[in-house]
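Report on the structure
The primary structure of each chain is shown beneath.
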Amino acid sequence: MFDHAYSNYMEHAYPADELMPLTCRGRVRGQEPSRGDVDDALGKFSLTLIDTLDTLVVLNKTKEFEEAVKKVIKDVNLDNDIVVSVFETNIRVLGGLLGGHSVAIMLKEKGEYMQWYNGELLHMAKELGYKLLPAFNTTSGLPFPRVNLKFGVRHPEARTGTETDTCTACAGTLILEFAALSRFTGTSIFEEYARKALDFIWEKRQRSSNLVGVTINIHTGDWVRKDSGVGAGIDSYYEYLLKAYVLLGDDSFLERFNTHYDAIMRYISQPPLLLDVHIHKPMLNARTWMDSLLAFFPGLQVLKGDIRPAIETHEMLYQVIKKHNFLPEAFTTDFRVHWAQHPLRPEFAESTYFLYKATGDPYYLEVGKTLIENLNKYARVPCGFAAMKDVRTGSHEDRMDSFFLAEMFKYLYLLFADKEDMIFDIEDYIFTTEAHLLPLWLSTTNQTISKKNTSTEYTELDDSNFDWTCPNTQILFPNDPLFAQSIREPLKNVVDKSCPRGISRAEESLGSGPKPPLRARDFMASNPEHLEILKKMGVSLIHLKDGRVQLVQHAVQAASSLDAEDGLRFMQEMIELSSQQQKEQQLPPRAVQIVSHPFFGRVVLTAGPAQFGMDLSKHKAGTRGFVATIKPYNGCSEIINPEAVKEKIALMQRGQCMFAEKARNIQKAGAIGGIVIDDNEGSSSDTAPLFQMAGDGKNTDDITIPMLFLFNKEGNIILDAIREYEAVEVLLSDKAKDRDLEMENMDQKSSENDSHKPIYKEAPSESQDAGKVSEEPKGGGESSAVGDADPLSPSSADSASVSVADQDPHTPGPAGAGAPETACTPGDSQPQEQNTQTEANSKAHWDSEVQPMESILADWNEDIEAFEMMEKDEL
């Protein structure tokens, strides 16, 4: 297959940049109709030949390699008056020259081939490196996206240099080639420029989410496109952070990668999907489709050592390929074609190779076989291999990109090659994003840059998340060839299930009578029967990261025309139900305030309201009581520990049933209020829009207790407090109340007499500042209810209370949702007395104590520090 592609390029296209396989001629820029940005890769420098150099050696074609190197040295001119992409020229041409040089000196050292070689490819690489440097003439250090090979950027004849934006990958995918060039030549400027660009992107990451956007202003550093994913526009930035650590041994690159990877797995990864999100609101998906470039990510996860999600995403992609023969340029979350082209991209083959290396599972050889058969069956043409114009129809496009020869055949050959098939050890090299080979010994050569960037701060992460970074794969899979299969098995029909072709409802109901159509008000996302009915109606259900459920109908997917009509009716009902719930109530956020020792009202958690139960805005005193976790923790059936819940505020986990059902169950058990804690790990009111809990579409007047919703991060603060202090008392209210000064002062005197201080007082000032009670929220909030399984609706109302992530530095990590602890306190008589207080007495209790001047001054100082911290965070 390689010979067919390479020989046709050399015969029909060389010295042109690329082969046009349908018309059997070369693509020369300016002589063919412009294809826009795609043509920026073409620079009249025999792109395909340079990109293919090290592939020839991998495939053991040393004679052809020697001839190709001589052609490049003799024929290629890098001084053309042409504007090219800095990114594409770096990874394809500079990378190709460096990869060619790497294998050339290896062959020369072996003593049989390339004995005449004297670093000519490296000299050309250095010449090209200097031609790319003018692009870095910006205040930020981020390069212009394009450069004129002859005139640079600023020159009047350059015809470029007016751009303001570049993609994150464009500026962040330089370090391997530029550092290798510096290490090979001893000229440090290239590595310095690439590092400066990477440093700038790192500094401009969104600090609360640790994500980066797709495009950035090269002058100001402002994010232009604020969506974030692992596909087009960002992909190789992440890849190069990890690989720069592998090649250069600089810990700062690994620390950055781990910080980003933690954010990716927290927000973007929705196994087996990888969906783009907003960098400022990472719980919100930015789109409902994925692009094919993300297919590289499982391979990067293998290099990182996180095998399970790599297997899951790879399997999902393989199911898409089996459906369409190739991976479409973009496809939706229900696996339908979004963009139908396929330019013979190699990223999926790359991940297949890495997964086979990691698992040794012969399944991945079968995957490779499928790729080869599809290429030969659908893409092979008399003059090479043609890109697919539409994977649905099998139509071709007259293009064969250079990366097809540089990467596709390299990875497929390596997938099937045994050690004896190789003339050198591939483990001595690292692959660039274009699959060019750079030797690992560069890490100890010409080190002109200090290894540790001490000026940059990194997010502290739990080290256990990264135990398997750069692992020995033999340790990962000891005698367990079925490991990968056990992960793939649940996903093998994921694509087919989302595009059902079932029997009609009329056929199904024979013998049992026709079933009435599913109504929106009765729908439960946790009901398997309802989900099956949805599929037959052609309705796809997508679980969004923030917990909402998105419904999409494709009539052509319905089992019959009758089912399609039912689906349309169901969708209309769901829209009306959602609109009705939205209009019913638009509630502002509520507050959960921890009032017991040692918090005394300092910790205020932003809570989402409920559209049912007690209206806290009409009960100014709120509901005050000790908290207790319920059993079962989801609250979806009768409570089996009512004695622990009676006269207390019940804690429960979100999911598996409607909110109103949870409320009825805890009310029946004697609870005086309820707090639902989000089951989405890491969710927080800091990064997600506020929610309000909708009813179940039925009458909820029977629910009289207050119900509030806490995101996972805020909920864990209460669970951690229970572990530390057992008896934790909270106040559910429409707004934060003044601190319980009387109890605080009594506790301080008692503590002084006992000659030891409460743990809270030992907390650092930053922890104390984070927990301040802030002003009453002003104005009402807007909200919109969504007809979903857990009917939550986002609210645009901002809360003035400050969420506290880690109030007490001595407390353990987040509570495990599966094993909640119950608050059992010996002094039950005291909270019961407090619960029976009248509203007037409760109010008098808050306001009865006059603060001493020292306390007021201390409060002012604390508030000032807190506001300064908030202002700093905003900036």
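Described in the following lines is the structure provided in the data block. (Residues numbered from 1 in each chain as written. Predicted model: local features only at pLDDT ≥ 70, side-chain atom pairs only at ≥ 80, totals over all residues. Heavy atoms only, no water.)

Some points on the sheet that holds strand β25 (residues 623–629)
Formally: Two strands pair under a simple rule: DSSP has to find at least two bridges between them. A run of H or I in DSSP becomes a helix once it reaches four residues, and a run of E becomes a strand once it reaches two; helices and strands are each numbered from the N terminus. Orientation is described by lines fitted to C-alpha atoms, with helices fitted over the stretch in contact, and by angles between N-to-C directions that extend from 0 to 180 degrees.
Spatially, the seven strands line up as an open sheet ordered β24-β23-β30-β25-β26-β27-β29, and their pairing is mixed. Both outer strands of the open sheet, β24 (603–607) and β29 (707–710), are each paired with one neighbouring strand and no more. Between one strand axis and the next, the sheet turns through 30° on average, direction left out of account. Note: β25 against strand β26 (residues 649–653), three bridges, orientation parallel.

Regarding empty space enclosed by the protein
Formally: Detection works on a 1 Å grid of protein atoms alone, calling trapped sets that fit a 1.4 Å probe cavities and calling open sets with protein on both sides within 12 Å along at least five of seven lines pockets, with lining residues defined by an atom within 4 Å of a point. Grid points are joined across faces, edges and corners, and a volume is the space filled by probe spheres set on the points. Residues are grouped as follows: Ala, Val, Leu, Ile, Met, Phe, Trp, Tyr, Cys and Pro are nonpolar; Asp, Glu, Lys and Arg are charged; all remaining types, including Gly, are polar.
Inspection of the entire model under this criterion finds seven cavities of 30 Å³ or more. In this structure, the largest cavity is lined by 16 residues; those nearest its centre are Ile321, His342, Arg345, Leu371 and Met408. The set of elements that each furnish at least two residues to the lining of the largest cavity consists of α13 (347–359) and α14 (363–379). Among the residues making up the lining of the largest cavity, the classes are represented as nine nonpolar, five polar and two charged.

What to know about unusual backbone geometry
Convention followed: Think of it in three bands: with a 1.4 Å probe and only protein chains considered, a residue is buried below 20% of the maximum accessible area for its type, exposed above 50%, and partly exposed in between.
In this structure, the amide linkage connecting tyrosine 14 to the following residue, proline 15, adopts the cis form with an omega of 10°. Relative to the helices and strands, proline 15 is located in the loop between α1 (2–12) and β1 (18–20). For the bond running from proline 271 to proline 272, omega is 0°, close enough to zero to count as cis. Checked against the element boundaries, proline 272 lands in the loop between β9 (269–270) and β10 (273–274). In the Ramachandran plot, methionine 114 falls in the positive-phi region, its phi being about 60° despite a non-glycine side chain. Inspection of the secondary structure assignment puts methionine 114 in the loop between α4 (86–110) and α5 (120–132). Within the chain, asparagine 210 stands out as a residue other than glycine whose phi angle is a positive 60°. By secondary structure assignment, the location of asparagine 210 is in the loop between α8 (189–203) and β6 (215–217). A relative accessible area of 9% means that asparagine 210 is categorised as buried.

With respect to the state of the cysteines
Quick reminder of the rule: Cysteine sulfur atoms are paired as a disulfide whenever they fall within 2.5 Å.
Under the criterion given, the structure shown has three disulfides. Here cysteine 24 engages in a disulfide with cysteine 383; their sulfurs sit 1.9 Å apart. Of note, the bridge from cysteine 24 to cysteine 383 carries an S-S torsion of about 95° and is right-handed in sense. Taken together, the residues cysteine 24 in the loop between β1 and β2 (25–27) and cysteine 383 in the loop between β15 (380–381) and β16 (384–385) connect sequence positions 359 residues apart. For cysteine 383, a relative accessible area of 7% puts it in the buried group. Put simply, cysteine 167 and cysteine 170 are joined by a disulfide, and their sulfur atoms are 2.0 Å apart. Since a negative S-S torsion denotes a left-handed disulfide, the cysteine 167-cysteine 170 link at about 95° is right-handed. Within the protein chain, bonded cysteines paired by disulfides and numbered along the sequence follow the pattern 1-4, 2-3, 5-6.

Digging into the packing of aromatic side chains
Here is the rule we go by: Each Phe, Tyr or Trp ring (for Trp, its six-membered ring) is paired with any other whose centre lies within 6.5 Å, and the angle between the two planes then decides the class: stacked below 30 degrees, edge-to-face above 60, tilted in between. Placement of a positive charge over a ring is assigned whenever Lys NZ or Arg CZ falls within 6 Å of the ring centre and within 35 degrees of the normal to the ring plane.
For the structure shown, the criterion picks out 31 aromatic pairs. With a centroid separation of 5.8 Å and 80° between ring planes, the pair formed by phenylalanine 184 and tryptophan 441 is classed as edge-to-face. Placement of the pair is phenylalanine 184 in helix α7 (residues 175–185) and tryptophan 441 in the loop between β20 (437–439) and α16 (473–476), with a sequence separation of 257 residues. The class of tryptophan 441 is partly exposed, set by a relative accessible area of 45%. Looking at arginine 205, its charged tip hangs above the ring of tryptophan 202, at a distance of 3.8 Å from the centre. One cation-aromatic arrangement involves arginine 287 over tryptophan 289; the distance from NZ or CZ to the ring centre is 4.1 Å.

Focus: α7
For α7, the buried fraction is high: 10 of the 11 residues fall into the buried class. Of all the residues in α7, the buried ones are Ile175, Leu176, Glu177, Phe178, Ala179, Ala180, Leu181, Ser182, Arg183 and Phe184. The positive-phi residue at the C-terminal boundary of α7 is glycine 186, with phi of around 80°.

Points about the environment of valine 302
Where we set the bar: By definition in these notes, contact holds between two residues if any of their heavy atoms fall within 4.5 Å.
In this fold, valine 302 is placed in helix α11 (residues 297–304). On the accessibility criterion, valine 302 (9% relative accessible area) is buried. Through-space distance from the C-alpha of valine 302 to that of tyrosine 356 is 9.9 Å; in sequence the pair is 54 residues apart. Every residue in contact with valine 302, bar those within four places of it in the chain, is listed here: Ile307, Ala310, Phe354, Leu355 and Ala358.

Details of the pairing of β29
Of the two faces of β29, both are covered, the one formed by Met707 and Phe709 as well as the one formed by Leu708 and Leu710. Summarising the sheet, strand β27 (residues 673–677) and β29 pair through four bridges and their orientation is parallel. Pairing of glycine 674 across the sheet is with methionine 707, part of β29.

A short note on the sheet that holds strand β13 (residues 330–332)
Strand order in the open sheet formed by three strands is β12-β13-β14, with antiparallel pairing between adjacent strands. Looking at strand neighbours, the two that pair on one side only are β12 (289–291) and β14 (337–339), the edges of this open sheet. Adjacent strand axes in the sheet meet at a mean angle of 30°, parallel and antiparallel pairs treated alike. The pairing of β12 with β13 spans three bridges and is classified as antiparallel.

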